[in-house]
Amino acid sequence: MDTAAASLFAPAAAAKPRSVLRPLHVPRGIITPRGPLAVRCAHFRAPPPPPPPPLPRTDGSEAASGAHPRLLLHRLAEEFVALPSDADRARRLLSLASALPRLPEPDRAPGNRVMGCVARVWLAARCDGGGRMRFAADSDSELSRGYCAFLVAALDGATPEEVLAVDPADPGLAPLGAGMAVARSRASTWHNVLVAMQKRARAAIAAREGRHPGEPFPSLVIARDGAVRAHGSYAEAQAMFLSPDESKVSELVNILMEKKIGVVAHFYMDPEVQGILTAAKKQWPHIHISDSLVMADSAVKMAEAGCDYITVLGVDFMSENVRAILDQAGFDKVGVYRMSSEQIGCSLADAASSSEYTHFLREASGSFPSLHVIYINTSLETKARAHEVVPTITCTSSNVVPTILQAFAQIPDLNVWYGPDSYMGANIADLFQRMATMSDEEIAKIHPDHNRKSISSLLPRLHYYQDGNCMVHDMFGHEVVEKIKEQYSDAFLTAHFEVPGEMFSLAMEAKPRGMGVVGSTQNILDFIKDHLKGALDRNVDEHLQFVLGTESGMITSIVAAVQELLDMYNSSQERSNIEVEIVFPVSADAVSKTPINGSHPVGSSIAGLDNLTVVPGVSSGEGCSINGGCASCPYMKMNTLGSLLKICRQLPDKDNKLSLYQASRFNVKTPLGKSVAEVGCEPILHMRHFQATKRLPDKLVHQVVHGNGEEPS
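The name that an unreviewed UniProt entry assigns to the protein chain is Quinolinate synthase, chloroplastic, with the source organism given as Panicum virgatum. If you open the UniProt record of the protein chain and go to Pathway (unreviewed entry), you find "Cofactor biosynthesis; NAD(+) biosynthesis; quinolinate from iminoaspartate: step 1/1." Regarding the protein chain, the relevant UniProt record gives this comment under Subcellular location (unreviewed entry): "Plastid, Chloroplast".

Below, the structure is given as structure tokens:
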């Protein structure tokens, strides 16, 4: 998903050029700092620019004539476009930079840094006695200073409401648009400084109205030396197990090695278990933490390396998939065990096994030709039953968009039916609506066989199930999104593809300026690592703040990855002060000071933190509330360290005491009398083929065109 969606936000065509350049002037004066932000890059090398023309006045003369700051920005952008060449536009930008006053050294403070720019940029802001915003900015890159001058010229002296009325996504406002490549590399500066200005404007409105900004979300900060600081009780609960008990690690490693047991676990695992598994992996390589698809792949590799047993820490459809994929790979003798004798459910997988979903599939089968694209997070039995009703291919959150685009390109007049995740379905539809407004050239970069006409034609033929969701992602609701807008609009925003539309839109809007990612858990982890690598390469003081728009169980893998990168770069003699902050968008109602019925959450120990308990949630698990911000999955918390050790100690299961813990091997038949395991694996194998070739397999295309009952000749 991330690769495909990355091209969705290439700059749109600029507004029609004007033929006249307007004389301008930047207001001067010292401005009091207000609020945080961050980042840096190499200086642009160019011949000294000619003497700069003045910038437009923003001391009230334009306002008196009725000119809105948004109109001023449009005029400036049009004047840039009217210049005859990229070189002229670059010289104009550099001339604006030389006219911009330098910030006093006290204002070039860490709290005034603007995140997401390739150069170091500082923004100082205050609201004056007349209720107008006063801005000043600076950068160590002359091109970035030019962008800052452009914005200060138009917005200094505007009211907070006028600042907020400017749309950062408006392609007609950026001064260079799709200009020369060296300038485009710094174009994020324009967007990110504007977003930072708007954050200050929101704060000014809140102060004017007497609204307290409220407590920040809890967060973990990983420092350059690898130390972790927790802010807020929820973050403290997550951080407790990042440095696990060495005796427990040794106990687990010894038994895994002795009995040749592999462990595959999902990113959303309980922090206590993940902390121990992460430490144990350094001594026993057959431990893997990942998203659901890679879990089965890793299990096969462990079986190939000689593991006799695979323990699965996840929900039941994950252990079923591991069992089925091992059987397909010829490792039917390798035992697969889950962590509870009871059902480990999943709200999303349950939605796909409902009668309503069956009706959805029946509707699909009556619309010819149709392809059912089913999310990997469903049971094998669901996949099998669905495939018999309508030809089916499995997808993940990272490949669903390429899969659907390729299907529409490969099969004429196709109808695509996606399920069961309703939020992901709505987000896919939103994504394609955005594509329909792009140019043919921009669309071709995403998929070479598509253009505006084809994207527009597929929109009415894309259907998605509208009554299924993950209870974790369902809770990233309005309250949480509004707080992110208010306090974290200038941070890096991450969102799983399954989150509600509001959270999805925030991350998508941040994506064009390099500040957002929407995708799978692995996409989110890679996004954080890539930005940290960039900061380490620049080797200047940085504070990178990421809002974690998915289940908080990812934090263990994130901390481990960040610490590993920091260790790799720590050989440098002169090390900058770089920190990574992970923000948990958890509702204030998600944490309680008192135990619930005197008990603690399943699988968690609260020893050492007085009077702290993470609430098991309204009905949705630890760290959730009806107001939004669910942080962890209650089903995943059934995978405890105690269960793992219990199962490992009793292997091999000579007395069949672990029969209820064995992953299901489907010997039952589908409604048409075929093996559930065989039919249920076929949609997964179709996806494997697509991942390898970027095309739907001929067998699946034949099934769509001719029906499941016939084999291609």
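Draft legend 1. Seen up close, the nonpolar core. Of all hydrophobic cores here, the largest spans 146 residues; its most connected members are Leu-277 and Ile-310. Beyond its immediate sequence surroundings of up to four residues, Leu-277 is in contact with Leu-252, Val-263, Ala-265, Ile-287, Ile-289, Leu-313 and Leu-644. If you look at the next biggest cluster of nonpolar residues, it comprises 37 residues, including Leu-94, Leu-96, Val-152 and Val-163.

Draft legend 2. Here's a closer look at the sheet that holds strand β14 (residues 516-519). The mixed open sheet is built from six strands, whose spatial order is β4-β3-β16-β15-β13-β14. Two strands bound the open sheet, and with one partner strand each, they are β4 (228-231) and β14. If you compare each strand with its neighbour and ignore which way they point, the axes differ by 20° on average.

Draft legend 3. Spatial organisation of the sheet that holds strand β5 (residues 261-266). What the four strands build is an open sheet, ordered β6-β5-β7-β8; its pairing is parallel. The sheet is open, and its two edges are formed by β6 (287-290) and β8 (335-337), each paired on a single side. Strand-to-strand twist of the sheet, defined as the mean angle between neighbouring strand axes without regard to direction, takes the value 15°. Judged from the five bridges that link them, β5 and strand β7 (residues 309-313) form a sheet pairing that is parallel. Considered in β7, the bridge of Gly-262 is made with Ile-310. Along the sheet, helix α10 (residues 246-259) contacts β5, β6 and β7; its crossing angle with β5, the most-contacted strand, is approximately 125°.

Draft legend 4. Region of the structure containing the packing of helix α3 (residues 69-82) against helix α5 (residues 142-155). At a minimum axis separation of 8 Å, α3 and α5 run at an interaxial angle of 140°. In terms of their interaxial angle, α3 and α5 are classed as oblique. Crossing geometry of α3 relative to α5 is assigned as right-handed. Between α3 and α5, the contacting residues are Pro-69, Leu-72, Leu-73, Leu-76, Ala-77 and Phe-80 on the first element and Phe-150, Leu-151, Ala-154 and Leu-155 on the second.

Draft legend 5. Fine view of the environment of His-686. Mapped onto the fold, His-686 is located in helix α27 (residues 676-693). C-alpha of His-686 to C-alpha of Ile-393: the two residues are 293 residues apart in sequence and 5.8 Å apart in space. Apart from residues no more than four positions distant in its own chain, His-686 is found in contact with His-387, Thr-392, Ile-393, Pro-697, Lys-699, Leu-700 and Gln-703. For His-686, the side chain forms a polar contact with the side chain of Gln-703, separated by 3.4 Å.

Draft legend 6. The arrangement of the pairing of β6 in detail. Inspection of the sheet shows β5 paired to β6 by four bridges, in the parallel sense. Residue His-266 lies in a different strand from β6, and its bridge partner there is Ser-290. A crossover connection joins β5 to the parallel β6 through helix α11 (residues 271-281); in handedness this β-α-β unit is right-handed.

Draft legend 7. Structural detail: the pattern of salt bridges. A full pass over the atoms with the stated rule returns 25 salt bridges. The partner of Arg-145 in a salt bridge is Asp-138, and the shortest N-O contact between them spans 2.5 Å. Judged by relative accessible area, Arg-145 falls into the buried class, the value being 2%. With its nearest N and O atoms 2.4 Å apart, the salt bridge here joins Glu-161 to Arg-208. Taken together, the positions of Glu-161 in helix α6 (residues 160-164) and Arg-208 in helix α8 (residues 187-208) put the pair 47 residues apart, joining distant regions of the chain. Taken together, the shared-partner salt bridges connect Arg-102, Glu-105, Arg-108, Asp-138, Glu-142 and Arg-145 into one network.

Draft legend 8. Layout of α5. The terminal C-alpha atoms of α5 lie 20 Å apart, and with 14 residues this matches the ideal 20 Å at 1.5 Å per residue to within 8%. Across the 14 residues of α5, 13 count as buried, placing the element largely inside the fold. Phi turns positive one or two residues past the end of α5, at Gly-157, with a value near 95°.

Draft legend 9. A look at the environment of Pro-652. Along the chain, Pro-652 turns up in the loop between α26 (641-650) and α27. Separated by 393 residues in the primary sequence, Pro-652 and Lys-259 have C-alpha atoms spaced 8.1 Å apart.

Draft legend 10. Spotlight on the packing of aromatic side chains. Taken as a whole and assessed by the stated rule, the structure comprises 10 aromatic pairs. Arranged with centres 6.1 Å apart and planes meeting at 75°, the rings of Phe-492 and Phe-527 form a pair that is edge-to-face. Placement of Phe-492 in strand β13 (residues 492-496) and of Phe-527 in helix α24 (residues 521-538) is noted, with a sequence separation of 35 residues between them. The exposure class of Phe-492 is buried, given its relative accessible area of 1%.

Draft legend 11. Broad picture of unusual backbone geometry. Here the amide bond leading from Phe-368 into Pro-369 is cis, since omega sits at -10°, within 30 degrees of zero. With respect to the element layout, Pro-369 can be found in the loop between α15 (355-365) and β9 (370-375). Residue Pro-420 is bonded to the preceding Gly-419 through a cis peptide linkage, with omega at 0°. Along the polypeptide, Pro-420 turns up in the loop between β11 (415-419) and α18 (422-435). Despite not being glycine, Lys-260 has its phi angle at roughly 55°, a positive value. For Lys-260, the location among the structural elements is in the loop between α10 and β5. Phi is positive for Asp-413, which is not a glycine, with a value near 60°. Relative to the helices and strands, Asp-413 is located in the loop between α17 (400-410) and β11.

Definitions and limits used
- Residues numbered from 1 in each chain as written.
- Predicted model: local features only at pLDDT ≥ 70, side-chain atom pairs only at ≥ 80, totals over all residues.
- Heavy atoms only, no water.
- UniProt positions renumbered as here; feature names shortened; annotations may be inferred.
- Core = buried A, V, L, I, M, F, W, Y, C linked by side-chain atoms within 4.5 Å.
- Buried < 20%, exposed > 50% of the residue type's maximum accessible area, 1.4 Å probe, protein only.
- Contact = heavy atoms within 4.5 Å.
- Pairing = 2+ DSSP bridges.
- Helix = DSSP H or I, 4+ residues; strand = E, 2+ residues; numbered from the N terminus.
- Axes fitted to C-alpha atoms, helices over the stretch in contact; angles between N-to-C directions.
- Parallel < 35°, antiparallel > 145°, perpendicular 65-115°, else oblique.
- Left-handed = near helix turned anticlockwise from the far one by under 90°.
- Polar contact = N/O pair within 3.5 Å; in protein donor to acceptor, adjacent residues only side chain to side chain.
- Right-handed = clockwise from strand over helix to strand, strands pointing away.
- Salt bridge = Lys/Arg side-chain N within 4 Å of Asp/Glu carboxyl O.
- Expected span 1.5 Å × (residues − 1).
- Phe/Tyr/Trp six-rings, centres within 6.5 Å; stacked < 30°, edge-to-face > 60°.

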